[in-house]
2 protein chains.
Amino acid sequence: MVCHMENYSPVLNDVFHALADPTRRSVIARLGSGSASIKELAEPFGLGLPSFLKHIKVLESSGLIASEKVGRVRTCKLRRGNLTAAEKWFNEQRTAWESRYENLDNLLTTLKGEKGES
Amino acid sequence: MVCHMENYSPVLNDVFHALADPTRRSVIARLGSGSASIKELAEPFGLGLPSFLKHIKVLESSGLIASEKVGRVRTCKLRRGNLTAAEKWFNEQRTAWESRYENLDNLLTTLKGEKGES
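Residues numbered from 1 in each chain as written. Chains lettered and ligands numbered in written order. Predicted model: local features only at pLDDT ≥ 70, side-chain atom pairs only at ≥ 80, totals over all residues. Heavy atoms only, no water.

### Quick word on the sheet that holds strand 2 (residues 65-70) of chain A
Residues and elements named next belong to chain A. Strands sit in the order 1-3-2 across an open sheet of 3 strands; the sheet is antiparallel. The sheet is open, and its two edges are formed by strand 1 (36-37) and strand 2, each paired on a single side. Pairing geometry for strand 1 and strand 3 (residues 73-78), over 2 bridges, is antiparallel. Looking at strand 3, one finds that serine 37 is bridged to threonine 75. (Pairing = 2+ DSSP bridges. Helix = DSSP H or I, 4+ residues; strand = E, 2+ residues; numbered from the N terminus.)

As structure tokens, this is what we get:
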């Protein structure tokens, strides 16, 4: 079937939208090596804090990260679940391509068999 | 290093932007099982042709699909290269998480060693 329900997942809309930005991808990559404060995360980008916080907000609402404020410090951590959902979508596409080539192979074999060439 | 160059790839910006829409993900999934005409692709969505063509344009400019017009029929096919680039990005994140746990293990071992040396 063409229109698998997983293609309609609002989670995937939000996750792919969040990942369509280089700053946000870098934040995800950074958090992959451990939790970090907003200040630490913002440092490499040379963005004003309000601009940077907008990116954090997009990442948080996509479910890719979570943040917690303790005292004056807000710490972010990766939530791997939705990232894994997106990764799974790619795996499904790959499985489809690969089975397609297998099907073509089988078809060729069948056709050859019918012609009596094999 | 935190800000790997691959996070700044404009290809990934375009690919993730293209995938942030359920219609476009469904078209990619459909093309995974073989090339198709615009008409065939549009059929399941109940969208007007102009709206559907906008999606096709986004997919084409992201490099995820290519199209060719022969006579009056425009046929689309998947270009797997950029989809693979995006898949690779996920694999890299996973490798980072997995090596993180390994690094924590190594760090603990090193700290134990240093305490023993002093």
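### Regarding the domain arrangement of chain A
Residues and elements named next belong to chain A. Under the domain assignment used here, chain A contains domain 1 (2-79) and domain 2 (84-118). For domain 1 and domain 2, the distance between their C-alpha centroids amounts to 37 Å. Across the boundary between the two partners, domain 1 contributes 5 residues, which contact 6 residues of domain 2. Buried surface at the junction of domain 1 and domain 2, summed over both partners, amounts to about 410 Å²; 75% is from carbon and sulfur atoms. Linking domain 1 to domain 2 there are 0 salt bridges. At the boundary of domain 1 and domain 2, one finds 0 residue pairs in polar contact (both at pLDDT 80 or more). (Domains from an automatic or database assignment. Contact = heavy atoms within 4.5 Å. Buried area = accessible area lost by both parts, 1.4 Å probe. Salt bridge = Lys/Arg side-chain N within 4 Å of Asp/Glu carboxyl O. Polar contact = N/O pair within 3.5 Å; in protein donor to acceptor, adjacent residues only side chain to side chain.)

### Overview of the confidence of the model for chain A
On average, residues of chain A score 88 in pLDDT, and 92% of them are at 70 or above. For this predicted complex, the interface confidence score (ipTM) comes to 0.83, while the overall pTM stands at 0.83. (pLDDT = per-residue confidence, 0-100.)

### Examining the pattern of salt bridges
As enumerated under the stated definition, the model contains 6 salt bridges over all chains in all. The salt bridge partner of glutamate 87 of chain B is arginine 94 of chain A, with a shortest N-O separation of 2.6 Å. Within this pair, whereas glutamate 87 of chain B is found in helix 5 (residues 80-117), its partner arginine 94 of chain A is found in helix 5 (residues 80-115), the two belonging to separate chains. Among the residues examined, glutamate 87 of chain B registers a relative accessible area of 8% and is labelled buried. By relative accessible area, arginine 94 of chain A is classed as partly exposed at 23%. (Buried < 20%, exposed > 50% of the residue type's maximum accessible area, 1.4 Å probe, protein only.)

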